[in-house]
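Observations on the model geometry
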Amino acid sequence: MKTSIHRFSILLLAAAALTSVVGCASTATRESTGQYLDDTAITAKVKAAIFNDASLQSAEINVETFKGVVQLSGFVNSAGDIQHAVQLVQGLSGVRSVRNDMRLK
């Protein structure tokens, strides 16, 4: 009896460990907890860089990050502003690529 309880306890512990590992894993459409935190930091870094650049109107540029890919959207005044924003973001650490969805006003 004691052996079966011991085996059941080990099995239960293994199942709990597996569930916690799989529950935090990423998929093609879902980030892991660590990736989510990394992307949040990248988004903050991108927003700060755009905000601190006097030539860009930061209030009209939206930033989203998923697995290191930064998406820029919104409206800007010129094609030069689009290129400048993309180059600025590409130079930041942690950014794997930039998806440009910005439009001209």
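Residues numbered from 1 in each chain as written. Predicted model: local features only at pLDDT ≥ 70, side-chain atom pairs only at ≥ 80, totals over all residues. Heavy atoms only, no water.

Some thoughts on the overall build of the chain
- Within the chain one finds three helices and three strands.
- From first element to last, N terminus to C terminus, the chain shows the α and β order α-α-β-β-α-β.
- Looking at the chain residue by residue over its 105 residues, the buried ones come to 28%.
- When the accessible area of the chain is evaluated, it comes to approximately 7,200 Å², of which 61% is carbon and sulfur surface. (Helix = DSSP H or I, 4+ residues; strand = E, 2+ residues; numbered from the N terminus. Buried < 20%, exposed > 50% of the residue type's maximum accessible area, 1.4 Å probe, protein only. Areas by Shrake-Rupley, 256 points an atom, 1.4 Å probe, with all protein chains shown as cover.)

Examining helix 3 (residues 79-90)
- With twelve residues, helix 3 ought to run about 16 Å at 1.5 Å a step, and its terminal C-alpha atoms sit 17 Å apart, in line with that.
- For helix 3, the complete set of buried residues consists of Asp81, Ile82, Ala85, Val86 and Val89. In an axial view of helix 3, the angular spread of the buried residues amounts to 130 degrees, which keeps them on one side of the axis. Set apart from the buried face of helix 3 by more than 90 degrees, the exposed residues are Gln83 and Gln87. (Expected span 1.5 Å × (residues − 1). Arc of directions from axis to C-beta.)

Describing the nonpolar core
- Among the nonpolar cores identified, the biggest contains 18 residues, and Val46, Ile50, Val70, Leu72, Val89, Val95 and Met102 are the most heavily contacted of them.
- Isoleucine 50 has contacts with Leu56, Ser58, Ile61, Val63, Leu72, Leu88 and Val89, leaving out every residue within four places of it along the chain. (Core = buried A, V, L, I, M, F, W, Y, C linked by side-chain atoms within 4.5 Å. Contact = heavy atoms within 4.5 Å.)

Let's talk about unusual backbone geometry
- One non-glycine residue with positive phi stands out, namely lysine 67, at about 55 degrees.
- Its location among the elements puts lysine 67 in the loop between strand 1 (61-66) and strand 2 (69-76).

Here we look at the pairing of strand 3 (residues 97-104)
- Note that strand 2 and strand 3 share eight bridges and pair parallel. Residue pairing for strand 3: valine 76 is matched across the bridge by leucine 104.
- What joins strand 2 to strand 3 is helix 3, and the crossover it makes is right-handed. (Pairing = 2+ DSSP bridges. Right-handed = clockwise from strand over helix to strand, strands pointing away.)

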